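A closer look at the structure
Chain residues, written in single-letter form:
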Amino acid sequence: MDVPLIVDPIVKYGKEKFRIWYNGQVKEVDCPLKPYFYSDRKLGIETAVKATKVKGIALSDYMEKTFYKYEFQTRDDLKKAKGEHTFEDNVPFILRHRIDIPKVFRRYPHKNPIKFLFLDIEQFTKEGEMFPTYDDRITAISWCGNNRNIMCGYLKKDTMSDRKLLDKFLQWYEDYQPDVIVCYNKSYDIVTLLKRCQKNRIDTARFAKSNQKPYIGGKADIHIDGVVIYDAFESAQADQSLTGNVVNRGLKEVSNWFGFKEKRKPLTPQEMTKFIGTRKLVEYNKDDVRRLLTVFDVYWTNIEFNANDLSIPLSEAIYMNITDLGLIVEGDAFRERNIIADGANEDRFPEIFKRKKGKEEPNYQGAIVDIYRTGVFEPVFKADYSSMYPTIMASFNLSPDTTSLLHYAPLSDFKIEEEKDSFIYHIPDKALQKTMVIKVSKQPGFAAEIVQRFLDERAEYKKAWKQTGNKKFKALSDNRKVKANGGMYGIQGSAKHAFGFAPIAIAVTGIGRQCAQLLMDVLNELSSNSVIETDTDGVYYTAENVSEEQVIKRFQKRLEEKFPKKLKLSIDVDSYDKGYFYKAKNYVLKKGDKLIFHGGAMKASSKNDLSRNLIYDLAEAKFSEEDTKPIIRRYKRLEFPLEDFAMSKRMGMHWKQYKRPESTIVCRLAKDAEEFMGRKPEIGNQYHYIKALHDFKLLEVSTKQDIDRKYYEKQIDKIVKMFDIEPAAPSLKKWGI
DNA sequence: GCTATCAGGCTACCT
DNA sequence: ACAGGTAGCCTGATAGCG
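Residues numbered from 1 in each chain as written. Chains lettered and ligands numbered in written order. Predicted model: local features only at pLDDT ≥ 70, side-chain atom pairs only at ≥ 80, totals over all residues. Heavy atoms only, no water.

1. Here we look at the protein's contact with DNA strand B
The condition that has to hold: We call a residue near a given molecule or strand whenever any one of its heavy atoms falls within 4 Å of it. Polar contacts, as used here, are pairs of N or O atoms within 3.5 Å; protein pairs need one atom able to donate a hydrogen and one able to accept it. Residues neighboring in sequence count only if both atoms are side-chain atoms. Under the scheme used here, helices are H or I runs from DSSP no shorter than 4 residues and strands are E runs no shorter than 2 residues, and both carry numbers assigned from the N terminus. Gly is put with the polar residues, along with every residue not named as nonpolar or charged; the nonpolar set is Ala, Val, Leu, Ile, Met, Phe, Trp, Tyr, Cys and Pro, and the charged set is Asp, Glu, Lys and Arg.
Around DNA strand B, a shell composed of 20 residues is seen, among which Asp-537, Lys-585, Ser-605, Tyr-658 and Lys-659 lie nearest. Here the atoms of DNA strand B within 4 Å of the protein split so that 94% fall in sugar or phosphate, with bases taking the remainder. Contacts to DNA strand B include Lys-585, whose side-chain N or O atom sits 2.6 Å from a base oxygen. Tyr-658 is positioned with one of its side-chain polar atoms (N or O) 2.5 Å from a phosphate oxygen of DNA strand B. Listing elements by their share of the surface near DNA strand B, those giving two or more residues are α18 (600-603) and β29 (647-650). Among the residues forming the surface near DNA strand B, the class breakdown is 4 nonpolar, 7 polar and 9 charged.

2. A word on a negative patch on the surface
Applicable threshold: Think of a patch as exposed residues, more than 30% relative accessible area, with no salt bridge, where like charges cluster within 9 Å and nonpolar side chains (Val, Leu, Ile, Met, Phe, Trp, Tyr) cluster within 5 Å. Each accessible area is a Shrake-Rupley result for a 1.4 Å probe, and residues are judged covered by the shown protein chains and nothing else. Counted as salt bridges are all cases of a side-chain nitrogen of Lys or Arg within 4 Å of a carboxyl oxygen of Asp or Glu. When charges are tallied, Lys and Arg are placed among the positive residues and Asp and Glu among the negative ones, while His and the ends of the chain are skipped. All charge positions are set by atom: Lys at NZ, Arg at CZ, Asp at CG, Glu at CD. Three labels apply to residues, based on accessible area from a 1.4 Å probe with only protein chains included: buried if under 20% of the type maximum, exposed if over 50%, partly exposed otherwise in between.
Taken together, the side chains of Glu-378, Glu-544, Asp-577 and Glu-625 make up a negatively charged region of the molecular surface. Assignment of secondary structure puts Glu-625 in the loop between α19 (609-624) and α20 (629-636). Of the residues examined, Glu-625 reaches a relative accessible area of 72% and is grouped as exposed.

3. Quick word on the pattern of salt bridges
It is possible for side chains bearing opposite charge to pair when their charged atoms get close. Within the structure shown, the criterion is met by 49 salt bridges. In this structure, Arg-206 and Glu-174 form a salt bridge, with 3.1 Å as the shortest nitrogen-oxygen distance. Of this pair, Arg-206 sits in the loop between α4 (186-199) and β12 (215-216) while Glu-174 is found in helix α3 (residues 163-176), placing the two residues 32 residues apart along the sequence. For Arg-206, a relative accessible area of 17% translates into the label buried. For the salt bridge of Asp-347 with Lys-354, the shortest nitrogen-to-oxygen distance reads 3.4 Å. According to the relative accessible area criterion, Asp-347 is partly exposed, its value standing at 42%. What you see here is one network of salt bridges that share partners, running through Arg-98, Asp-332, Arg-335, Glu-336 and Arg-337.

Okay, here's the thing in structure tokens:
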């Protein structure tokens, strides 16, 4: 790698220092920069060690102004001093260095091969308990290093102490000295390992590359000196391409999705206890490490790539989010141009972000999402733009250095005016109830150029994925898509982001609506009333005698007529045998003998198997025009195993954040789970439950007698109704005719 | 005391 | 704290009924 393994900022003798780990050694250096922020006025801050006047270009209006730069001895001092008139005061310290001194971390490259340790543990569970505690012994540890030769240390059936097992493992560990520990759900595996060592009076500092004992703060806050912990579970949690395709984000489900061959059922706590000291537990344990390797291979490539590509320590690349990516990528451009963000997006555009609006009202108008016809259609096509928003950003040259908001006008039609050096866009916005008049200069804009780079990279990976079918390329392609979409477009509309630039986001969605409408117009012209459903950048339509070529040709022609410049916008057309369209974003497609379900009504992970199976059976019957009565009768008997009735909900927030915990199902379930199973309520926890006669009840403590039959009968009725729509005459008013 | 309706809270999904 | 957008389910308040 060209970057270090880890950079830890620390405060020593009242000064900020970096502890930098690379090539198995640590170096402590004074931070090249002091924590700082800007202001547009003189502030009386006593804790600042330095106050200087600097000239910079204000992001809000691109005019050169004088700013006051305040520097501090520590991050803490800065935090205490920041206020209403301070700018760029929330840029993480490490990223601040990376932006201001781009190659700062390249001075300490970890050139040795990264030593990985892949790891999974099994633990004893007391009889009658659902989960083990830190008092219970570890029964098996499976692990491997870079050679992927999986080893397993395990206890014999009647060995009550895991002391020797831990010691054996640690002997190997100390000899190997891993740089990165790879696990699935570190808050369990790593914490348990450390706690078991403590209970056995084994020195936990043996895990570290220094003599510092590891530190366990919060759930995600585990520090082992000199070692990076990579939790593949976090990558899976954040991967949106898994939504709807896996029932949960557990290792089994996720590794299966990525093509892990063997499909084993997870062991129950009873089985895990029964199999202690046997081949079965060892195989099970090793199997999980194999699964871990599968998932690791999917996500790791991007992490290491990001570290090198963005010149940030590996430890930062692992936790990087979209916001940070935006900071780095735009921060580079700002530094080169001496731009100072004079306030967060919402400070620079209060008329957009701080106007009076209802609680869940958006800041600006988004995409066109609508359904125009419902029921079964045959055949069905989907015409969609590839990467519409980023392509618009790139093609229309939308960038902070080219774009400015001229003024607001009363709501009017979309319009483009060309001037000698610029284009003027009139963008009506229903959320703002105004037309935004936005000027874009013809000089190349830096943000537009960066987006184009991400798009080009994405095209390459997408091609590789289509050619090989390898899901790894799909993940790389998705990564660039996320960078272009969220990293470049998304942050422009974000209220709190220091570098966001709202007029860009408004122009992008506004032009996007025009593009979607243009596509719909083309399709309806080629075959009247052919449009079924539209969502942002894709249109489902049905037409008998319209070829793909016709659509694309007509589209290109109309695109050239509509916009006064050459654009990279292009469309793809996919075909399906049949489709059943229920509501916006909710439909079933049939291709060959495959049924593809879309939307919460059709495939939510919260549904029970009973509903899922019924939906599948009814969709099949609908497409083949079979009689549904026998199906309905069969389901109404409700003769299914208890598990088929179980629904699921995830805790989306910290339990303290719930407005009315007593009347929120997931909170009540979490409370029960803590009481009956000793499971702590935590964000992301998934609870399986059934509707019992008087209340919702955790699956684990339910029996078949508890089932509220009326509730499930109603559930079935609703699903039956969902498939009851017959094609009706299209409603013309929706097209605004 | 029952039913219908509606708004608000929350989760899950789509682009 | 990347954005906006649609839909479903549950709950508690309220209105209407008799």
